[in-house]
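Survey of secondary and tertiary structure
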Amino acid sequence: MARTKHSYVIVIGCGRLGSFLANTLSKTGHSVVVIDINPNAFSALAAEAFSGFTVEGDATELAVLKQAKMDKADVVIGATHDENVNIMAAQIARSRFRVHKVLVRIEDPNKESYCKAVGIDYICPTALTAEKMMTALNDIR
Amino acid sequence: MYFLAKAFLSKGYNITVINRKKEECSWLARQLKATVVLGNATDPEVLRESGISGMDAVLAVTPNDEDNLVICQLSKLSFGVLRTLALVNDPDNEDVFRELGVTTAFSTTRMISALIEQRAGFEDIIGVFSVAEGKVNVTEVMLTETAPVVGKSLMEINLPSDSLIGCILRAGEPVIPRGGTTLYAGDRVVAITLPENHGAVLKLLTGGDI
């Protein structure tokens, strides 16, 4: 993505992670659309940083994804607090809208092999944090 | 869910119910001769502990489409369950779920609205189907003696804009109508409508109330 200057990125979920990503991506010149079921969440988008669009709706609803013009998206990021929403929306992005790059956040490390099986890229903060902590603990010893 | 489990039990199936609410679980365990598991069914560990890999079928009937999808996919991909069935809220998700490997997906919304359309009122309507994801409806209507359009030409009937009578089947023969074509009782009229004028066109063709 660093090379393609103007990617069209859809961020699903406008919580801490989603809004941070949306602000950062928008500031660095990408076209960003943020989807959230709660319109109040969009207040986390910084006026000076974010120049993209917002869509209010449930990201597991096909009509909402169409409204966000998912067929034009280069990247879809699932960043809601509900990993199942992220996983479902990402799979629709892949299979329906032929989105090249999909990335989701999952909380449960037990779902890593499932995500691999359905072919979506994931990041599991729980596993990453645990790994870092284990390393830190080993360093102390 | 209780009645669903009860119906299957009475047919002699062995049932395991997974539910994430503790009070509901203890109630279900008292009421049903079923194995009741307390937990989140989208958690692979909960599915494993429920003995999912030996099951003939999995029914995912939570109120959340995303949870039902994950339950079905986990059962199939991680535990080798061959038949997976899911309830969906959004009718569009019936196709989406099938594309993503769920054996059968039912939309209660679609089933109920289809039942209502068929049963309530419009008995003259023979068939309805939608194209372009529901943006266009194609409806076949049998004109009765009492239909307000009978005896009038297409020019006279004031069809709403953005709607069209595409074809008339008269005595088994198709007629492609023009403005001067007159409609008769017994004609089977194929109307092409948009959701916003669908009701008005049907009212015109059947005389019925929506």
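Above this note sits the structure.
Residues numbered from 1 in each chain as written. Chains lettered and ligands numbered in written order. Predicted model: local features only at pLDDT ≥ 70, side-chain atom pairs only at ≥ 80, totals over all residues. Heavy atoms only, no water.

1. Focus: the overall build of chain A
Helices and strands together make up the secondary structure of chain A, namely 5 helices and 6 strands. Each helix and strand of chain A, placed in order from N terminus to C terminus, yields the pattern β-α-β-β-α-β-α-β-α-β-α. The C-alpha atoms of chain A give 16 Å as radius of gyration, which agrees with the globular expectation for 141 residues (14 Å, within 12%). Dimensions along the principal axes, computed over C-alpha positions, put chain A at roughly 50 × 35 × 35 Å. Of the contacts made within chain A by residues no fewer than 6 positions apart, 48% connect residues no fewer than 24 positions apart. Side chains of chain A give 16 positive and 15 negative charges; the mean places of these two sets differ by 7 Å. (Helix = DSSP H or I, 4+ residues; strand = E, 2+ residues; numbered from the N terminus. Rg over C-alpha atoms; globule rule 2.2 N^0.38 Å. Contact = heavy atoms within 4.5 Å. Lys, Arg positive; Asp, Glu negative; His and termini not counted. Charge placed at Lys NZ, Arg CZ, Asp CG, Glu CD.)

2. Overview of the sheet that holds strand β4 (residues 83-88) of chain B
All names here are of chain B. The sheet built from 3 strands is open, its strands ordered β3-β4-β5 with parallel pairing. In the strand order of this sheet, the two ends are held by β3 (57-60) and β5 (104-107), each with one partner. Between one strand axis and the next, the sheet turns by 15 degrees as a mean value, whatever way the strands run. In the sheet, β3 pairs with β4 via 4 bridges, with the strands oriented parallel. If you follow A60 over to β4, its bridge partner there is A86. Relative to β4, helix α4 (residues 65-78) is tilted by about 175 degrees, and along the sheet it contacts β3 and β4. (Pairing = 2+ DSSP bridges. Axes fitted to C-alpha atoms, helices over the stretch in contact; angles between N-to-C directions.)

3. Here's the deal with the nonpolar core
Formed by 51 residues in total, the largest nonpolar core has its most connected members in I10, I35, M70 and V76 of chain A together with F97 of chain B. Looking at this core, the element that brings in the most residues is helix α3 (residues 83-95) of chain A, giving 7 residues. Dropping the residues within four chain positions of it, M70 of chain A is found in contact with I10, I12, L65, V76, A93, F97 and V99 of chain A. (Core = buried A, V, L, I, M, F, W, Y, C linked by side-chain atoms within 4.5 Å. Buried < 20%, exposed > 50% of the residue type's maximum accessible area, 1.4 Å probe, protein only.)

4. Examining the interface of chain B and chain A
At the interface, 22 residues of chain B touch 20 residues of chain A. Between chain B and chain A, a total of about 1700 Å² is buried, with carbon and sulfur atoms accounting for 56% of that surface. Linking chain B to chain A there are 1 salt bridge. Secondary structure elements with two or more residues in the side of chain B that touches chain A: α3 (44-49), α4 and α5 (93-99) of chain B. Per element, the largest residue contribution to the side of chain B that touches chain A is 9 residues, and it comes from α4 of chain B. Residues that form the side of chain B that touches chain A fall into these classes: 8 nonpolar, 4 polar and 10 charged. (Buried area = accessible area lost by both parts, 1.4 Å probe. Salt bridge = Lys/Arg side-chain N within 4 Å of Asp/Glu carboxyl O. Nonpolar A, V, L, I, M, F, W, Y, C, P; charged D, E, K, R; others polar.)

5. Things to note about the side chain of N84 of chain A
Tracing the sequence through the fold places N84 of chain A in helix α3. Side-chain polar atoms of N84 of chain A contact the side chain of D67 of chain B, separated by 2.8 Å. For N84 of chain A, the contacting residues outside a window of four places in its chain are K111 of chain A together with T42, E66, D67 and V70 of chain B. (Polar contact = N/O pair within 3.5 Å; in protein donor to acceptor, adjacent residues only side chain to side chain.)

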